[in-house]
Amino acid sequence: MKIAILTSGILPVPAVQGGAVESLVDSYLEYNDQHRLHDITIYSVWHPDVEKHPAARSEVNHYHYIKVNGLWNKVKKKTYQYTHQGGYYHYTIEYFLEQTIKHIKKQQYDVIILENRPGYALKLKKVTNARLVYHLHNENLTVKVPQCLPIYDAAARIITVSNYIKSCVVEINPNDKKTMTVYNGINLNAFSRPLINTKRSSMGINDKDFILIYSGRVNKEKGILQLIEAISILKEYSAMKLMVIGSSFFGNDVNENSFICKLKAIAEPLGDRIIFTGFVPYAKMPDYLHIADVAVIPSIWDDPFPTTVLEALAMGLPIITTRRGGIPEEVTEENAIMLATDEHFVDNLATAILDLYHHPDKRHTMSKAARKRALLFSKERYARDFFNAINTL
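Computed from a predicted structure; not experimentally measured. (Residues numbered from 1 in each chain as written. Predicted model: local features only at pLDDT ≥ 70, side-chain atom pairs only at ≥ 80, totals over all residues. Heavy atoms only, no water.)

Topic: the sheet that holds strand S5 (residues 131–136)
As a reminder of what qualifies: Strand pairing is defined by DSSP finding a minimum of two bridges between the two strands. A helix here means a DSSP run of H or I that spans at least four residues, while a strand means a run of E at least two residues long, and both kinds are numbered starting from the N terminus. Each axis is a line fitted through C-alpha atoms, taken for helices only over the stretch in contact, and angles between the N-to-C directions span 0 to 180 degrees. In what follows, residue pairs with any heavy atoms lying within 4.5 Å of each other are defined as contacts.
The strand order across the open sheet built from 7 strands is S3-S2-S1-S4-S5-S6-S7, with neighbouring strands paired in parallel fashion. What marks the edges here is a single partner per strand, and that holds for strand S3 (61–66) and strand S7 (179–181). Strand-to-strand twist of the sheet, defined as the mean angle between neighbouring strand axes without regard to direction, takes the value 20°. Here 3 bridges tie strand S6 (residues 155–160) to S7, and the two strands are oriented parallel to one another. Each residue of the ladder has a partner; that of isoleucine 158, found in S7, is threonine 179. Sitting on the sheet, helix H3 (residues 91–104) touches strand S1 (2–6), strand S2 (39–45), S3 and strand S4 (111–115), and the angle it makes with S2 is about 150°.

Set out below in structure tokens:
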């Protein structure tokens, strides 16, 4: 088939600037390149690093870039804002879509995949006869979103990253037959057999320390505040340390606000018990996870299907997490302690941490179960299931 992929209009593909959605797109494009299944054109914002990326040499994946940054493009976007009112998305995204449509009108695609932007369909259905496929990573097609029914009706296939997200879509049409779940996947080899270049000693950690690891965005929804509060309850356990990997208040991408100030105030008395690494390139994540004894993913929102859980599983880490969103679809009680995010959450989080701290045999058993569970989430399985969902149209 001849397929087009419309990305979010924010980050580039290949994922030279990171991004969970963009990295997942890279995975199934790599699979397509290896197996030469379809002729695919990817519409993405431009970034200078994409031009030298190895993916650009593919004979079956073709990249069409829209320049959205730079002074002249910013002027054009602002002009678009004032001349096109009432768009479904922010004008910067609508501008990207408009530029993409100009090229799509000249093509004959069999299928157009919309990556996490189902609202694109409102304009696309007017300019193409291609079947529209939505790949939903978040709750962006529910009964609560504007024009949910016409957007739903425009889709030939809806692929969701978890049954939790699928359940949100099905509320629009209880007789739904077009929605399928395809679980995300990761490079299991990179995490199960990491190249160890980072040592505990380089992080100021000794071999007897008990290391908890948190990775992801540092914001309220991810539960990092509650995790630090739980560590504060356990302050008498001096060998217990928390390593926070991701955008933190030491990075330039997080504004100083009341939440960050609260984190600082709680973390300061703990001294070197809380280690903020800041941003870590994805390729180096296995190195840091290797240092840990336990992974904590304390999301207090309905996290659709976080890949941080899959990475911890592949590393064989016991997991402490929550019963939110799609997380219970990723783990089992054999490899994870799942908590409710109720009024007792912080205390229960501290209790779960202490349980694993005192029971190394339990950690070992959970570790083996985690590695076994991870085998369900390879990037190859993910890509194969993704294309199978499209091929059944």
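Thoughts on the sheet that holds strand S12 (residues 319–322)
As summarised here, the arrangement of the 6 strands in space is S10-S9-S8-S11-S12-S13, forming an open sheet in which the pairing is parallel. Both edges of this open sheet fall to strand S10 (274–278) and strand S13 (336–339), since each of them pairs with a single strand only. Averaged over all pairs of adjacent strands, the angle between their axes in this sheet comes to 20°, without regard to strand direction. The pairing of strand S11 (residues 294–297) with S12 spans 3 bridges and is parallel. From the neighbouring strand, alanine 295 faces S12, where its bridge partner is isoleucine 319.

What to know about the confidence of the model for the protein chain
Cut-off, in case you're wondering: Confidence scores here are pLDDT values: one per residue, from the predictor, ranging 0 to 100.
With 96% of its residues at a pLDDT of 70 or more, the protein chain has an overall mean of 93. In the predicted structure, residues 248–256 sits below a pLDDT of 50 and forms 15 contacts with residues beyond four places in sequence or in another chain.

Points about the pairing of S10
Test applied: Burial classes: relative accessible area under 20% of the type maximum marks a residue as buried, over 50% as exposed, and values in between as partly exposed (1.4 Å probe, protein chains only).
Within S10, 4 of the 5 residues are buried, which leaves the element mostly enclosed by the surrounding structure. Judged from the 4 bridges that link them, strand S9 (residues 240–245) and S10 form a sheet pairing that is parallel. By the bridge assignment, valine 244 is partnered in S10 with phenylalanine 276.

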